[in-house]
Amino acid sequence: MTWDKTLEELTLPNLLYQPQEKVRALQDRLLREQIEVCYRAHPFYEKLMKREGLEPRHIQTTDDLVRLPPTTKQDFLADPEAFRMRGDIFPPEVTTLWKVVYTTGTTTGRPAPIYVCAFDYYAYLYGAARRAELIDIRDTDVIANLFPLTPFPMGAFSRATDEAAAVGASIAFAHTGRPDSPFPVHHTVDEAVRLVERHRATLIWGVAGFVRRVLVRAEEMGADFSRLRMAMITGEASSKAMRADMRRRMARLGAKEPKVANRYGSTEQGSSMVECVEGAGFHSLAPDQVFHEVFDPATSKRLGDGDTGMLAFTHLIRRGTTFLRYAMGDMVTFTTATCPHCGRTSPRVTSQPVRSGDILKIKGTLVNIQALKEQLEHMPTIDEYQIVVRPQDPADPFSMDELLVRLAARPEHQAALAEAVVAETARTAHVRPRIAFVEKNEIFDPTIASKPRRVIDERPRRD
Ligand SMILES: [Zn+2]
């Protein structure tokens, strides 16, 4: 594939409404070429295919992809350079290095590079302009970029600019985050609030927990967000209750009919999935660039429509850092059925993505942490919260567990809140928590972390 390919060869008009068979035929055709180039120029997949005794002729359709073992984040982190396509088989205008973004969330703390070449960058711009119609980003929007300034360019931070450019919106940078360089270039949460106000931002965009913090602080500061119409949140799961809480806060700040757009994506994938209406599920918005599937993590077998499994994606036209059957680490329910809300035919994730590990055993009881979080997010007087599971007596290896709920709230709300949280937690989780009130920043300090840690398990591992 080269620069001289036509758009007609790369996509279909009105792609998201085309019959599934037509989209699948396009995906199969693009995949054949992607597999061919991976076999010749992608160090990791070249080696993997040879090890599995596979040649490009064995993977001719998206159904044949199941012959390839899924790729894990550990595979990528072990050798990120092996996922970068060798440029020598493409014309230079395709593989000119445009930029490098980095994934976060690694346990080693060392971010891994994603090489974005010119071809991939243009493809991203094209996809971003197309999905703006669904997310409702407008060329008149003023976006406040609330992603933190980090020592390595985070995918979301860097791509926010691309998306604004693709649509023709304006964008201002809050540059919050951890001030860890010799240069005093970071701004505080209060300065971020003032930036939103000063630019009369219509759209604020960032990691869910941080965007919420800006709204909490804006209320305390009495800021005027009357031009704000939407918050776009990403980077961590958010419950319906949390989004409703954010809308209420936006309305109190002067926003008329405020919306919260929940985006689901990953730096590796490079294309967000977004809901058409709340609860409809996250649409794949670039089926001409990314193929999605769910598989059974125990057997790696692909699962069917409506099944819950591990979400994986395969790049169809990538030329820089490229992934095939890459497991996103989230368990989701997935459907290819036409959306009853908007009529789009592109596949959807119909459940909130759940990280494996969201069910914890506390005092011998299995506790659905997701439900516990959601219940806390229903309580409007909570400014921040954190769930801590730890041994009652850290010195005793056989100690009973303790469930601690740390809360930040205004003093006048604390007594009633403590009582409500104890009662509700005992009811839903069948465990009686201890409550501790702390300052907001003790739970989530935006100058240290880019997102709040809602759940901490401090128990020693017993395996
Ligand atoms: Zn829809």
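Remember, predicted model here, so these are calculated numbers, not experimental data.

*Asks:* Could you give me a rundown of the overall build of the protein chain, with the residues and numbers involved?
*Replies:* Each helix and strand counted, the protein chain has 13 helices and 20 strands in total. Here the protein chain has a C-alpha radius of gyration of 23 Å; the compact-globule value for 463 residues is 23 Å, and the two agree. Seen along its three principal axes, the alpha-carbon backbone of the protein chain occupies a region of about 65 × 55 × 50 Å. Here the protein chain holds 463 residues, and 42% of them are scored as buried. Within the protein chain, counting contacts between residues at least 6 apart in sequence, those at least 24 apart form 66% of the total.

*Asks:* Would you mind going over the domain arrangement of the protein chain in detail, with residue names and values included?
*Replies:* Per the domain assignment, the segments making up the protein chain are domain 1 (7-123 + 287-355), domain 2 (137-264) and domain 3 (359-457). Computed over C-alpha atoms, the centres of domain 1 and domain 3 are 37 Å apart.

*Asks:* Can you break down the sheet that holds strand β19 (residues 434-437) residue by residue, with the values?
*Replies:* Spatial ordering of the open sheet is given by β19-β18-β17-β20, a layout of four strands whose pairing is mixed. A strand with exactly one partner marks an edge of an open sheet, and here the two such strands are β19 and β20 (455-457). Along the sheet, successive strands turn relative to each other by an average axial angle of 20°, direction set aside. In terms of strand pairing, strand β18 (residues 401-408) meets β19 through four bridges, oriented parallel. Its bridge partner being in β19, Leu407 is matched across the sheet by Phe437.

*Asks:* An account of the packing of helix α6 (residues 118-135) against helix α7 (residues 155-167) is needed here, citing residue identities and associated values.
*Replies:* Running from N to C, α6 and α7 point in directions that differ by 65°, and their axes come no closer than 8 Å. It follows from the interaxial angle that α6 and α7 lie roughly perpendicular. For the crossing formed where α6 meets α7, the hand is right-handed. Facing Tyr124, Leu125, Ala128, Ala129 and Ala132 of α6, the residues of α7 in contact are Asp162, Glu163, Ala166 and Val167. Along the lines of polarity and charge, the residues of the contact of α6 with α7 split into seven nonpolar, no polar and two charged.

*Asks:* How would you summarise unusual backbone geometry if you had to cite specific residues and measurements?
*Replies:* One can expect most non-glycine residues to show negative phi and most peptide bonds to be in trans. The phi dihedral of Glu257 falls on the positive side, at around 45°, and the residue is not glycine. Mapped onto the elements, Glu257 comes out in the loop between α10 (240-252) and β7 (259-264). Look at Glu257 and you get exposed, because 9 C-beta atoms sit within 10 Å. With phi around 65°, Ser300 is a residue other than glycine that occupies positive phi space. Mapped onto the fold, Ser300 is located in the loop between β10 (290-295) and β11 (308-315).

*Asks:* Mind laying out helix α12 (residues 414-429), listing which residues take part and the relevant values?
*Replies:* A rise of 1.5 Å per residue sets the reference length of α12, with its 16 residues, at 22 Å; its end C-alpha atoms lie 21 Å apart and thus fit the reference within 8%. Among all positions of α12, only Leu417, Val421, Thr425 and Ala429 are buried. On an axial view of α12, the arc spanned by its buried residues comes to 55°, and they lie on one face. Facing away from the buried side of α12 by more than 90 degrees, the exposed set consists of Ala415, Ala416, Glu419, Ala423 and Arg427. Packing partners of the buried residues in α12 comprise β16 (365-368), α11 (369-377), β18 and β19. Just downstream of α12, His430 is the residue with a positive phi angle, here 60°.

*Asks:* Describe the nonpolar core, with residues and values.
*Replies:* Core analysis: the biggest nonpolar cluster contains 100 residues, and Ala144, Leu146, Val196, Ile204, Val211, Val214 and Ala231 have the highest contact counts within it. The element that contributes the greatest number of residues to this core is helix α9 (residues 208-221), accounting for seven residues. For this core, the two domains that each supply at least three residues are domain 1 (7-123 + 287-355) and domain 2 (137-264).

*Asks:* Can you break down the environment of Thr321 residue by residue, with the values?
*Replies:* Topologically, Thr321 is positioned in the loop between β11 and β12 (326-335). Taking the number of C-beta atoms within 10 Å as the measure of exposure, Thr321 has 27 and is therefore buried. Spatially, the C-alpha atoms of Thr321 and Phe83 are 5.3 Å apart, while their sequence positions differ by 238 residues.

*Asks:* Any details on the pairing of strand β5 (residues 203-207)? Residues and values, ideally.
*Replies:* The buried fraction of β5 is high, at five of five residues. In this structure, β5 lies alongside strand β6 (residues 230-234), joined through five bridges in parallel fashion. The residue of β6 that forms the bridge with Ile204 is Ala231.

Calculation rules
- Residues numbered from 1 in each chain as written.
- Predicted model: local features only at pLDDT ≥ 70, side-chain atom pairs only at ≥ 80, totals over all residues.
- Helix = DSSP H or I, 4+ residues; strand = E, 2+ residues; numbered from the N terminus.
- Rg over C-alpha atoms; globule rule 2.2 N^0.38 Å.
- Buried ≥ 20, exposed ≤ 12 C-beta atoms within 10 Å, placed from the backbone.
- Contact = placed C-beta atoms within 7 Å.
- Domains from an automatic or database assignment.
- Pairing = 2+ DSSP bridges.
- Axes fitted to C-alpha atoms, helices over the stretch in contact; angles between N-to-C directions.
- Parallel < 35°, antiparallel > 145°, perpendicular 65-115°, else oblique.
- Left-handed = near helix turned anticlockwise from the far one by under 90°.
- Nonpolar A, V, L, I, M, F, W, Y, C, P; charged D, E, K, R; others polar.
- Expected span 1.5 Å × (residues − 1).
- Arc of directions from axis to C-beta.
- Core = buried A, V, L, I, M, F, W, Y, C linked by C-beta atoms within 7 Å.

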